[in-house]
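One-letter residues, chain by chain:
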4 protein chains.
Amino acid sequence: MTRRKAAILGSSGMIGQRFAHMLEGHPYFDVVAYCASDRSEGRRLRDLWKLADVELPAGLSDAEIDATNPEALAREGVEVVFSGLPSEVAGKVEDECADGGMAVFSNASAHRMEPDTPIMIPEINHGHLRAVERQRERRAKGGFVVTNANCSITGLALGIKPLVDSYGLTDFSVATYQALSGAGYPGVPSIDVLGNVIPHIQSEEEKMNAEGKKILGRYEEDRFVDSPVNILASCARVGVRDGHLEAVFVRRADVPDAEGVASTLERFSSRPQELSLPSAPVQPIIVRREQNRPQPALDCNAGSPERAKGMAVTIGRIRVDGEDLRFFLLVHNTIRGGAGGSVLNAELAHREGLT
Amino acid sequence: MTRRKAAILGSSGMIGQRFAHMLEGHPYFDVVAYCASDRSEGRRLRDLWKLADVELPAGLSDAEIDATNPEALAREGVEVVFSGLPSEVAGKVEDECADGGMAVFSNASAHRMEPDTPIMIPEINHGHLRAVERQRERRAKGGFVVTNANCSITGLALGIKPLVDSYGLTDFSVATYQALSGAGYPGVPSIDVLGNVIPHIQSEEEKMNAEGKKILGRYEEDRFVDSPVNILASCARVGVRDGHLEAVFVRRADVPDAEGVASTLERFSSRPQELSLPSAPVQPIIVRREQNRPQPALDCNAGSPERAKGMAVTIGRIRVDGEDLRFFLLVHNTIRGGAGGSVLNAELAHREGLT
Amino acid sequence: MTRRKAAILGSSGMIGQRFAHMLEGHPYFDVVAYCASDRSEGRRLRDLWKLADVELPAGLSDAEIDATNPEALAREGVEVVFSGLPSEVAGKVEDECADGGMAVFSNASAHRMEPDTPIMIPEINHGHLRAVERQRERRAKGGFVVTNANCSITGLALGIKPLVDSYGLTDFSVATYQALSGAGYPGVPSIDVLGNVIPHIQSEEEKMNAEGKKILGRYEEDRFVDSPVNILASCARVGVRDGHLEAVFVRRADVPDAEGVASTLERFSSRPQELSLPSAPVQPIIVRREQNRPQPALDCNAGSPERAKGMAVTIGRIRVDGEDLRFFLLVHNTIRGGAGGSVLNAELAHREGLT
Amino acid sequence: MTRRKAAILGSSGMIGQRFAHMLEGHPYFDVVAYCASDRSEGRRLRDLWKLADVELPAGLSDAEIDATNPEALAREGVEVVFSGLPSEVAGKVEDECADGGMAVFSNASAHRMEPDTPIMIPEINHGHLRAVERQRERRAKGGFVVTNANCSITGLALGIKPLVDSYGLTDFSVATYQALSGAGYPGVPSIDVLGNVIPHIQSEEEKMNAEGKKILGRYEEDRFVDSPVNILASCARVGVRDGHLEAVFVRRADVPDAEGVASTLERFSSRPQELSLPSAPVQPIIVRREQNRPQPALDCNAGSPERAKGMAVTIGRIRVDGEDLRFFLLVHNTIRGGAGGSVLNAELAHREGLT
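Residues numbered from 1 in each chain as written. Chains lettered and ligands numbered in written order. Predicted model: local features only at pLDDT ≥ 70, side-chain atom pairs only at ≥ 80, totals over all residues.

Focus: the domain arrangement of chain A
Residues and elements named next belong to chain A.
- Domain boundaries in chain A define domain 1 (4-150 + 339-351) and domain 2 (151-332).
- For domain 1 and domain 2, the distance between their C-alpha centres works out to 24 Å.
- Taken residue by residue, the interface counts 34 residues in domain 1 and 34 residues in domain 2.
- Elements supplying a minimum of two residues to the side of domain 1 that touches domain 2: α1 (14-23), α4 (122-125), α5 (131-138) and α12 (335-351).
- Considering only residue class, the side of domain 1 that touches domain 2 consists of 15 nonpolar, 11 polar and 8 charged. (Domains from an automatic or database assignment. Contact = placed C-beta atoms within 7 Å. Helix = DSSP H or I, 4+ residues; strand = E, 2+ residues; numbered from the N terminus. Nonpolar A, V, L, I, M, F, W, Y, C, P; charged D, E, K, R; others polar.)

A few points about the pairing of strand β4 (residues 80-83) of chain A
- Side chains V80 and F82 of chain A of β4 of chain A all project onto a buried face; the interleaved residues V81 and S83 of chain A project onto the opposite face, where all are buried too.
- You can see the chain leave β4 of chain A, run along helix α3 (residues 87-99) of chain A and come back into strand β5 (residues 103-106) of chain A, and the turn it takes is right-handed. (Buried ≥ 20, exposed ≤ 12 C-beta atoms within 10 Å, placed from the backbone. Right-handed = clockwise from strand over helix to strand, strands pointing away.)

Here we look at the relation of the copies chain B and chain D
- With an axial shift of 0.0 Å and an RMSD of 0.0 Å, the rotation relating chain B to chain D amounts to 180°. With respect to symmetry, the two chain copies, as superposed, fit the operation of a two-fold axis. For chain B, the smallest separation between a C-alpha atom and the rotation axis is recorded for S190 of chain B, amounting to 1.9 Å.
- When the interface residues of chain B are mapped onto chain D, 100% of them are again interface residues, pointing to one common binding face. (Least-squares fit on C-alpha atoms with pLDDT ≥ 70 in both.)

Some remarks on the sheet that holds strand β2 (residues 29-36) of chain D
Residue and element names in this part refer to chain D.
- Taking strand neighbours across the sheet as the criterion, the 6 strands line up as β3-β2-β1-β4-β5-β6 in an open arrangement whose pairing is parallel. Taken across any chain shown, the strands that pair with only one partner, and hence form the sheet edges, are β3 (65-67) and β6 (144-147). Here the average twist between neighbouring strands, direction ignored, is 30°.
- Running at roughly 155° to strand β5 (residues 103-106), helix α3 (residues 87-99) makes contact with β1 (4-9), β4 (80-83), β5 and β6 of the sheet.
- The strands that helix α12 (residues 335-351) touches are β1, β2, β4, β5 and β6; relative to β5, the one it contacts most, it runs at about 150°. (Pairing = 2+ DSSP bridges. Axes fitted to C-alpha atoms, helices over the stretch in contact; angles between N-to-C directions.)

Observations concerning the interface of chain B and chain D
- Contact with chain B, which involves 13 residues of that partner, is made by 13 residues of chain D.
- Here the residues of the side of chain B that touches chain D sort into 8 nonpolar, 4 polar and 1 charged.

Considering the relation of the copies chain A and chain B
- The transformation that overlays chain A on chain B combines an axial shift of 0.0 Å with a rotation of 180°, and the residual RMSD is 0.0 Å.
- Both copies contact each other with a shared surface, as 100% of the interface residues of chain A are interface residues in chain B too.

Details of the nonpolar core
- Formed by 456 residues in total, the largest nonpolar core has its most connected members in V81 of chain A, V81 of chain B, V81 of chain C together with V81 of chain D.
- Setting aside residues no more than four positions away along its own chain, V81 of chain C makes contact with A6, A7, L9, L73, C97, M102 and V104 of chain C. (Core = buried A, V, L, I, M, F, W, Y, C linked by C-beta atoms within 7 Å.)

Some points on the confidence of the model for chain A
- Residues at a pLDDT of 70 or more form 100% of chain A, whose mean pLDDT is 97.
- Per the prediction output, this complex has pTM 0.97; the corresponding ipTM is 0.96. (pLDDT = per-residue confidence, 0-100.)

Focus: unusual backbone geometry
- With an omega of 5°, the peptide bond between Y185 of chain A and P186 of chain A qualifies as cis.
- Assignment of secondary structure puts P186 of chain A in the loop between β7 (171-178) and α7 (190-193).
- Residues other than glycine seldom take positive phi values, yet S276 of chain B does so here, at roughly 50°.
- Of the residues examined, S276 of chain B has 11 C-beta atoms within 10 Å and is grouped as exposed.
- For D222 of chain D, which is not a glycine, the phi torsion comes out positive at approximately 65°.
- You can see D222 of chain D is positioned in the loop between β8 (218-220) and β9 (223-225).

With respect to the packing of helix α1 (residues 14-23) of chain C against helix α12 (residues 335-351) of chain C
Residues and elements named next belong to chain C.
- Following both chains from N to C, one finds α1 and α12 inclined at 55°, their axes separated by 9 Å at the closest point. When the axes of α1 and α12 are compared, the pair comes out oblique. Like other packed secondary-structure pairs, α1 and α12 cross with a definite hand, here right-handed. Two secondary-structure elements touch here, α1 through I15, R18, F19, M22 and L23 and α12 through I335, G338, A339, G340 and V343.
- Class assignment of the residues belonging to the contact of α1 with α12 gives a composition of 7 nonpolar, 2 polar and 1 charged. (Parallel < 35°, antiparallel > 145°, perpendicular 65-115°, else oblique. Left-handed = near helix turned anticlockwise from the far one by under 90°.)

Examining the pairing of strand β6 (residues 144-147) of chain A
Residues and elements named next belong to chain A.
- Here β6 shows no split at all, with F144 and V146 on one side and V145 and T147 on the other all buried.
- With 4 bridges joining them, β5 and β6 adopt parallel strand pairing. By the bridge assignment, V104 is partnered in β6 with V145.

Here we look at the environment of V248 of chain B
Residue and element names in this part refer to chain B.
- In this fold, V248 is placed in strand β11 (residues 244-250).
- Classification of V248 by C-beta neighbours within 10 Å gives buried; the count is 26.
- For the pair V248 and V174, spaced 74 residues apart in the sequence, the C-alpha separation amounts to 4.5 Å.
- Setting aside residues no more than four positions away along its own chain, V248 makes contact with L156, F172, V174, R326, F327 and L329.

Let's talk about the interface of chain A and chain B
- Listed by partner, the interface residues are 31 residues for chain A and 31 residues for chain B.
- Sorting the residues of the side of chain A that touches chain B by element identifies β7, β10 (230-237), β11 (244-250), α11 (296-299), β13 (313-321) and β14 (324-331) of chain A as the ones contributing at least two each.
- Considering each element in turn, the side of chain A that touches chain B owes the most residues, 4 residues, to β7 of chain A.
- Residue classes in the side of chain A that touches chain B are distributed as 15 nonpolar, 10 polar and 6 charged.

Quick word on helix α3 (residues 87-99) of chain B
All names here are of chain B.
- The end-to-end C-alpha separation of α3 is 18 Å, in line with the 18 Å expected for 13 residues at 1.5 Å each.
- Among the residues of α3, those classed as buried are A90, V93, E94, C97 and A98.
- In the core, the buried residues of α3 are packed alongside β1 (4-9), α2 (70-75), β4 (80-83), β5 (103-106) and β6 (144-147). (Expected span 1.5 Å × (residues − 1).)

Topic: the environment of A63 of chain B
Residue and element names in this part refer to chain B.
- Relative to the elements of secondary structure, A63 occurs in the loop between β2 (29-36) and β3 (65-67).
- A count of 18 C-beta atoms within 10 Å places A63 in the partly exposed class.
- Measuring from C-alpha to C-alpha, the distance between A63 and A33 comes to 8.7 Å, with 30 residues separating the pair along the chain.
- Setting aside anything within four residues of it in sequence, one finds A63 in contact with Y34, R44 and L45.

Notes on the sheet that holds strand β11 (residues 244-250) of chain D
All names here are of chain D.
- Spatially, 6 strands are ordered β10-β7-β11-β14-β13-β12 in an open sheet, and the strand pairing comes out mixed. Across the chains shown, the open sheet's two edge strands, defined by having one partner strand only, are β10 (230-237) and β12 (285-288). The average angle at which neighbouring strand axes cross in this sheet is 25°, direction not considered.

Quick notes on helix α6 (residues 151-167) of chain A
Residues and elements named next belong to chain A.
- Here α6 spans 25 Å end to end across 17 residues, near enough to the 24 Å set by a 1.5 Å rise per residue.
- The axis of α6 is deflected most strongly, by about 40°, at I160, and proline P162 appears within four residues downstream.
- Counting buried positions along α6 gives 13 out of 17 residues, so the element sits mostly inside the fold.
- Phi turns positive one or two residues past the end of α6, at G168, with a value near 65°. (Bend = angle between axes of the 7 residues up to and from the residue.)

Remarks on the packing of helix α6 (residues 151-167) of chain D against helix α8 (residues 204-215) of chain D
Residues and elements named next belong to chain D.
- Closest axis-to-axis distance for the α6/α8 pair is 9 Å, and the angle between their directions is 45°. The pairing of α6 with α8 is recorded here as oblique in orientation. In terms of crossing hand, the pair formed by α6 and α8 is right-handed. Of the residues in α8, those touching α6 at S152, I153, L156 and A157 are E204, K207, M208, E211, G212 and I215.

A look at the environment of S263 of chain D
All names here are of chain D.
- Looking at the element boundaries, S263 is found in helix α9 (residues 258-267).
- For S263, a count of 14 C-beta atoms within 10 Å translates into the label partly exposed.
- Sequence separation between S263 and V287 is 24 residues, and the spatial gap between their C-alpha atoms is 8.5 Å.

Okay, here's the thing in C-alpha cells:
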C-alpha cells in the first residue's frame, strides 16, 4: 500500500517534534515537509530539537524547516497534515489545508468545539469519525479536520470510559499535577515553578469538562450529543518534564471492590486494538498495583509495542471505601495527550478509507 | 508573669528546630533544654541546624544538645515540654514526661487517637482541652499530653471549619501536593522525587479522615464524639520545600457564590484571636482572589503578626459551579501543621491556667 | 539630615523590587516614585511582586507604578535614581536622568565600560568615585551615573580582593553555578533547566574578566587603569533561586595554609565598614569552616546587620595543596550582586557629599 | 563462541541494575545470577528496579535476587563477575570471588589503588591489563579483579587523554556539577539538594587526582608508574538525575586554536574501537560546537551504536584565549563512569583471552 504524503505543522515546537519522532518510518504516512513559522524557515530540524528524552531520528539529521504554506503543500501532493500549531494560529492555517483537500489531524484547540469536527480518542469514540462526512460538505475539496483532545482530558476520558460504561458513573472530581511540557516552549518561567506548584492553568478546567462531554457523548443524526458526564477539575502545574498525573474521585459510586474496578480497566479494548493500528497500545489502560505508582518519571512512557510507547494510560492506587472510589491516573501529555493522539486518529482514518 | 521553664524534644530534627525558632523570646515559655537522641548529645544546635528559611536565633548560637531524659527535666523544674519526636519513640518518652508532671505539647501521632487526649487546633476545638482533666486522673503528677494534628488535616480542618458550621458541608474530597519537609530528615531520596510526583504517603490519607473526625467533633460527657465530616483524600509528594497545597472538592453543596464563601472564610475568628495568643494569626484564614494563588513558594508563611508567620491558612481559586464547590488551600506544614500548632496549643493551655 | 528624594526604575522586575525592599525606611533615601514601562503604569506594585523570599513592605501595599519619565522625575525633585532597567533600555534613560541632574546608581551594564563611569564595589574601589567629577563635566546639570558590577564578578572581586592585595595573586580560574534570578524575568524556561545544568550564559565570562580588571584596577590621572588580574571563567546556570556559587582555582600561588588564607579573608574591612554605611556588612567576607558550605539555599543571605543581609560574600572549603589554592564562594546575585550593590554605592556617594 | 557464565553483585542498586540492563543479550556474557544482600534475596528484580530512564529488560521480568555467595557462584560455573557493590563490602566479597577463580570487574573503589590491580579505561590504558598476570600469582585459582574508575575521573581522564598525549598538558583544574545518581540510593536527601548546590562530595576530589595519576600513568616492570598529570578538583552535587558535567581549565597551555583542539579530541580512537568491542563507542569523544552544550539532560546518553549509549564523553564550549584553555565535559556517571566502564573492561579482557 502506498504511503500517504504528509506534512507536519509547528515543527519547531514540542508537539511538532513528537510528530516527527512518531512518524519516522511510519507504515501509512511519509512526511515530506516539516513546516514552521517564517522565523525558522531554512533552519535544520536538528538545531531546533527540544525533546530531551528522544533523539532526533537519524534520518532527519539534515531535514530543513519549510515555511507554512498550505498552497505549496497542496502542490507537492501532501494529503495528510499533522498540526502542532499554537491554537491562536491553528484555526486559519488548518482551515486552509482542509479547504485545500487535505486531511488535517490537529493537536490545537481551535476547531475542537465545532459542530462537525470530532475530538477523537479512537478507543472511546471512533464512531465520531462520521462527522467528517458532514464537514466535507462545506469544504471545497473533500478535506477535513479531526482534532485530538486537550492533554488532561485525554488521559481522564480514556481512563474513565470503562467505568462510565460499566457502572454508569457520571460525577468525577479531579485534581491534576501537570507537566511543564504541556505549556509548550518557552512555557513556564523556571523561577515561577522551581520548588513550587502553580494552582492554575488557563482555561484547562473548563476544557476538561466541555471536551469530556463531547468526547464521551454520542454522534447521532449528524450531530454531537453531550455525555452527562460531569468533570469538576482543579488544575495545577508541577516541576515535572512529561506526564500529567491526576487524582480522581467519585463519590457515591456503585462499583465493585478495587480489584473488580482494576479488572474492568485492564480488560478494556476497542477498535484501535481490533485493527492493530500501528500506534495503538495493546492494552490501553495499564493498572499498577504497587502502593506508590503511577509516577510521571517512571511510568509516562507506558505502552507497547514500541510505536505505542507513551500511548497507554496508567492507573494506580485504586481504592474503594464504601461507595467512594479514588485512584491516580497518568497520561503522557505530549504523546497520548498530544501528537500521539493525532497519529492514532490518522491511522484510524486511514484504515477507514478517509486518507 | 513568670515564664514557664520549657524543654524541646527532638531538637536535631526539623520540627524540633521550628520549636526552637518559634519559642525564642516567647512571652510565656523559657526554653532551658534542647534534647535529642544520645547520638547528638553535646553537639551544638548550630551544627545541626536544618532549616533553610530561618537562621538559628542569635541567642542559641552556643546552645548544646542534651540527651532525652524526662527525670532530669523534672529535676531541672521543666514544666512544659514541646515534642518533635518521631512517632515511633514519642509514645514512651512523652508518657514519662506527662507522668512526671509536665505538660506535653506534641507533634507526634503516638497519642492522638487516645480517648482522653485532644488533637487540638484552638480555632476549631479549644473546648477539647477539657479532656486533659480526665487524662490527669490517670497521670501520677498532674501532667498531660496535648497533640497537634497531622500537617495535612490541620490545614484542611481549619479551612473547612467555617464551611462545616455555616453550610453543613460534610463530604470533602481532597488531593494533596505535599512538601518534602513533611517527611522529616533525611526523608525522601532526591533521586525519587526530582522532576517527579510520588502519589503515596504512608498512612496519610487514613490519618486525614480519622483525625479530621475527632478534631471537628465534640467533646461531651467526658468523651470525644466524631464529626460526620468525611474526608476522602489522595496524597502525593511533590518537590517543594515547605507548604502543603490541597485541592478541595465538595459536590452538591448548598453554598452561596464564590464571594459569599470567601467572605465566610475571611470572617472566621475564634478563641485564640479573642485571647490574642502570641502565635495566633489575626486572621486565621486568608483568601486570595488572584487566579494563580496560593502557591507554596509565595504564600506558605502567611500570617501576622511576626510570631504568627506561617500560622494562617491561605485559600484561593474558590469556584462555585451550580452546587459544586472547589478551592485550593495552603498550609505551612511544619509551622501551623507542625511546631506552630503545638506552640499555639501551649499558649491556650497557659492562658487557661493549665501550665 | 533630610532624606534625598529617590526613584526606582524597573520596578516591575526582580532587581527593581529588591531596590524597593532594601530602600524601605532607608535613612538617606526616600523613594517617591516606582517607575516601570508604560505597560505596567497604574498597576499596583503588590500585583507585580516577584520576590518569593521577602514580602512587599507593608508601607508599599498601595504603591502604584509610574511610567518612566526622567523629566517628570526632575520636576518632582528626585535627586537620586536607582536603576534596575534591562541593559538594552538603560543606556538612554539613565543618560537622561544624569543629564537632568540626578545621581543614578545603576545595575545595568550599559554604562559600565565608559571611561568616566565607575563600576563600584565600595570595599574594593571607593576611590573610583572620583571619576564622577570628570563625568559631571560632560553632563549639563551635575548629574552622574555610577554602576554596580555584574553579579558574578561582584562576588568574585570582593572575595579575591584581599588575596590580590596580600599575596599578589593574579590568575584566577572560576566555574560558576548561577541562580535563575540572575536571568531576570521570565528568564530561563523551566523545561530547559529542570534537572539540568546549562553551561552557557551570554557574555557573562567576558564581562567577568573585563569588569574585574576595571574594578580591581586603579583610577589615576583621570582615567581607569586595568588591574593585571586575569579571570578565566566558565559560567553555567543551575536550578537555584538565588545565590551564585563559584568554584575558584589559583595555581602556583604563594599563599599561607588554608587557615592563614581564611584569616586574611575574615579580617578584610574597608571604607563602608569604617563609615558604618547602613547596608554595609560588618564583615564583608564570611569564612565557613564546615566541609559542605557555602550552599546557596542556606547561605545566600549572609550578612549583618539586618539591612546588610545578602551583602556579605561567603567563602568555604578553602584548600591549599602545595602551591595550589581552591575555594568555593557564594554571593547573593540580586542583593550584593545587584540592587544591594547600588544601594551601597549610593550610601557611599551620599556620605561623600555627592548626593 | 560460547558465552561466559556471569553474575552481577549489588543487583538491588543503581549500578547493579545498569549492569543488568547493559548485559541483557550480551554477545560475550550470559548473566545467570543477580545477587544482592540477604535482605533482598528472593525478591524479584522488577520490584526493586530503580532506573527511571530505561525499563527492566523484558527477559528479566521474572528474574529473582540471589544472596551473595561466592562459593555458590563458583559451583554454578560462574566465570565472570560484575560488581556494583558498595565499597565498604566490596573488598572482601570481590576477593573471595577472585580467589575462587573468577574474573571480577568492579565498580567499587576498594581495590583500585592496589599495586597489582588496574583501574582500567580501555581507550586510555588497555596495557594495564597486564597487571592481572601478577595479581593472579597471589590468587589461588587464577581469578583477578579489574576495576573501573571513579565516575568523575573517568570522564575527565578520557577527555584529556588526547590533550595530554598531543600537547603535553599536565595541570588541570576542574569544577564538577555531579548528578544525584552518583550518590547511590537513597543518596542525597531531597530537602538538602532541592533548589540548591552542595559543594562537597566525600573523598571525590582526592580520588580524582590519585586515580587520574594511576590511570594515565604507565605499567612497566610489573608496577604502575604515576602520570605527572595533576588534577585540582572542586566537586559539587547538583539536582540532576544522570550525567556529571565538568568545567575544565588549563592555564599556560601550548595548544592550537579551539578548532584544532576539537579536531584532536574528535579523532581520538583506541584499542576498543580497533577491536569493535560491543560497548565501545565508535567515537569515544564527541565534540559539540553549539554555544550551550553539553547539557546533562540532553547529552548524557551520547554514544553509538545502541550498546554504547552513554559510553561516549561529550566536550563542548572549547575556548582558547591566549595560552589558556577551557571547556565543559560531560560523562554519564553510571554508564561510562560506572557499570558501562566495567562492561567494556570485561569485553577487552575477554578478547584478550583473560575470560
